[in-house]
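Coordinate analysis (summary)
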Amino acid sequence: MRYDLAIIGGGPAGYTAAERAGKAGLKTIIFEQNNLGGVCLNEGCIPTKTLLYSAKTYANAINAQKYGVNAGNATFDTAKIVARKGKVVRKLVLGIKARLTAAGVETVTGRAYIAGAHTIECDGQTYECDRMMLCTGSDTFVPPIDGIGDVTYWTHRDVLDCKELPRTIIIVGGGVIGMELASYLCTMGTGVTVIEMTGEILGNLDGEISAALRAEYAKRGITFMLDTRVTAVHEGGEGITVRYESGGAEGSATAEKLLMSVGRRPVTTGYGLENLGLATDSRHRIITDNHMMSSVPGIYVCGDLNGRSLLAHTAVREAEVAVSHMLGIDDQMSYAAIPGVVYTNPEVASVGLTAAEAGARGIECREVKVPMAYSGRFVAENEGANGICKVVISTDGHILGAHVMGNPASEIITLAGMAITLGLTAEQWAKTVFPHPTVAEIFREAIS
């Protein structure tokens, strides 16, 4: 049978494209070897945030006296937290299945293999297609550290399913995943050490905000080791020992568990990608145009596979752009205002350029910084907490970026993203009427 569009990978890019194409009348088939939803829904974004919300609820309970509430001796049940996580994931997976069915999309469970630009093989069946979209996602990257193959280390998947938390853990990698899991484990009572090779955690974010978040978690008991390179690991009776180099000196640290959270890399092997001969750049990323089409006509590459962003919401937008192009709708992909969020407590959110990034590009700008305490709603709901809001503005007044530490940063950052996308000046954005009291008013405080 022949299809208008065949999609490999059922993550955010894949299922978004499938539903959109199906609703538009394209005969669409999607291949997924595991569960629909991909890494994000099944072992990433959603399950992680479900655990983090339980941790936040627990933290709120044990600190309820700050708000004049006596919550007694709050406790938690890790097994029930993990069970709830599973329930949330199952519910959302079923929702995706229902949406694809309603859109008339055919779903095949199995490993797809690309035999050619218009041919896919799966479980002995051959499927022909006019267009193909590749959305195979990414996987955890574990560097070749001496001894890593001989120890029982964790990845994020193990934390998500852990019903009995360790007393101590060493997390290698201070990026988004590492910090979110550090936040969860620390809140639940695990002694956490974070080892980061660079000079700061969350290196892609505003440096001052990253440092402020690190200082906050250091107060809560997390040990941070920056500019530290792991050289070897060894498992013994007391747990796992990590050997490292820092500032020319060598040392070691031991914990019950070791979590590897160095980063992720696109999945490029095992499904015949090499049979397409796609052009790549100097970093071995598949080259796509602003419609998400590769160098081979009719082959689109969306999501983590193209290596541009590795964020679920970016993948969704890329899929929308790709299907629009198939349908002859004028639409283009832009990466100028992709929000990034770290779901620690407090949250950190960022969109657009930092002042340092703008300077590196030769863009003259000014940075406005205000404390989150300028928002009455923030003060009312975050007793004793500090926060930062930064807005980066070009010399001609346009909004270039915004960077926030403080709850609920994740829910307000889109406002700044819209300002960047629409090309608003600070003067134009300030004319927007913000409801009072809201935390989002912090942006108006910054730009007025």
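Residues numbered from 1 in each chain as written. Predicted model: local features only at pLDDT ≥ 70, side-chain atom pairs only at ≥ 80, totals over all residues. Heavy atoms only, no water.

Focus on the packing of aromatic side chains
Two numbers describe a pair of aromatic rings. These are the distance of the centres and the angle of the planes. We apply this condition: Pairing of aromatic rings covers Phe, Tyr and the six-membered ring of Trp, with a centre-to-centre limit of 6.5 Å; geometry is then stacked below 30 degrees between planes, edge-to-face above 60, and tilted otherwise. Going along the chain from the N terminus, every DSSP run of H or I of four or more residues is numbered as a helix, and every run of E of two or more is numbered as a strand. Partly exposed residues are those whose accessible area sits between 20% and 50% of the maximum for their type, while under 20% is buried and over 50% is exposed, using a 1.4 Å probe and protein chains only.
Counted under the stated rule, the structure contains 4 aromatic pairs. On the basis of an interplanar angle of 70° and a centroid distance of 5.0 Å, the ring pair of Tyr58 and Phe76 is categorised as edge-to-face. Taken together, the residues span a long stretch of sequence, with Tyr58 in helix H3 (residues 45–62) and Phe76 in the loop between H3 and helix H4 (78–102) at a distance of 18 residues. The buried category is assigned to Tyr58, whose relative accessible area is 17%. Given a relative accessible area of 31%, Phe76 falls into the partly exposed group. Centre to centre, the rings of Trp429 and Phe443 are 5.2 Å apart; their planes meet at 35°, and the pair counts as tilted.

Describing the UniProt feature "active site" (unreviewed entry) in the protein
For clarity, the threshold we go by: UniProt positions are given in the numbering used here, feature names are shortened, and annotations may be inferred rather than shown by experiment. In protein, a polar contact means a hydrogen-donor-capable atom and an acceptor-capable atom, both N or O and within 3.5 Å, with residues adjacent in sequence counting only if both atoms are side-chain atoms; elsewhere, any N or O pair within 3.5 Å suffices.
UniProt records the feature "active site" (unreviewed entry) at His436, using the numbering of this structure. You can call His436 exposed: its relative accessible area is 64%. One polar contact links His436 to Glu441, side chain to side chain, over a distance of 2.9 Å.

Describing the environment of Phe378
In plain terms, the rule: Residue contacts are defined here by distance: any two heavy atoms, one from each residue, within 4.5 Å place the two residues in contact.
With respect to the helices and strands, the residue Phe378 is situated in helix H10 (residues 376–381). The class for Phe378 is buried, based on a relative accessible area of 2%. Note: C-alpha distance between Phe378 and Asn407 (29 residues apart in sequence) is 7.5 Å. Ignoring anything within four residues of it in the chain, the contact list for Phe378 reads Met372, Ala373, Ala385, Asn386, Gly387, Gly406, Asn407 and Val439.

Quick look at a positive patch on the surface
Note the threshold: Only residues whose relative accessible area exceeds 30% and that form no salt bridge are eligible for patches; like-charged ones are grouped when within 9 Å, while nonpolar side chains (Val, Leu, Ile, Met, Phe, Trp, Tyr) are grouped when within 5 Å. Residue burial considers only the protein chains on display, and all accessible areas are found by Shrake-Rupley using a 1.4 Å probe. Each reported salt bridge corresponds to a side-chain nitrogen of Lys or Arg within 4 Å of a carboxyl oxygen of Asp or Glu. Residues scored as charged are limited to Lys and Arg (positive) and Asp and Glu (negative), so that His and the chain ends carry no count. To locate a charge, the coordinates of NZ of Lys, CZ of Arg, CG of Asp or CD of Glu are taken.
On the surface, Arg84, Lys87, Arg90 and Lys91 cluster together into a positively charged patch. With respect to the element layout, Lys87 can be found in helix H4.

A closer look at empty space enclosed by the protein
Threshold: A cavity here means a set of 1 Å grid points, computed over protein atoms only, where a 1.4 Å probe fits but cannot escape. A pocket is an open set with protein on both sides within 12 Å along at least 5 of 7 lines, and lining residues have an atom within 4 Å of a point. Grid points are joined across faces, edges and corners, and a volume is the space filled by probe spheres set on the points. Charged means Asp, Glu, Lys or Arg here, nonpolar means Ala, Val, Leu, Ile, Met, Phe, Trp, Tyr, Cys or Pro, and polar covers whatever is left, Gly included.
Scanning the model with the defined rule gives 1 cavity of 30 Å³ or more in all. One number sums up the size of the largest cavity: a volume of about 60 Å³. What lines the largest cavity is Thr140, Thr155, His156, Ile177, Leu259, Met260, Ser261, Val262, Gly263 and Arg264. By residue class, the composition of the lining of the largest cavity is 4 nonpolar, 5 polar and 1 charged.

What about the UniProt feature "binding site: NAD(+)" (unreviewed entry) in the protein?
UniProt marks Gly173, Gly174, Gly175, Val176, Ile177, Gly178, Met179, Glu180, Glu196 and Gly263 with the feature "binding site: NAD(+)" (unreviewed entry), using the numbering shown here. Taken together, the annotated residues stretch across 91 residues yet fold into one region, lying no more than 14.2 Å apart by C-alpha. Among the annotated residues just listed, those lining the largest cavity are Ile177 and Gly263. Its place among the elements puts Gly174 in the loop between strand E8 (168–172) and helix H6 (176–187). Tracing the sequence through the fold places Val176 in helix H6. In contact with Val176, other than residues within four places in its own chain, are Leu202, Val341 and Val342.

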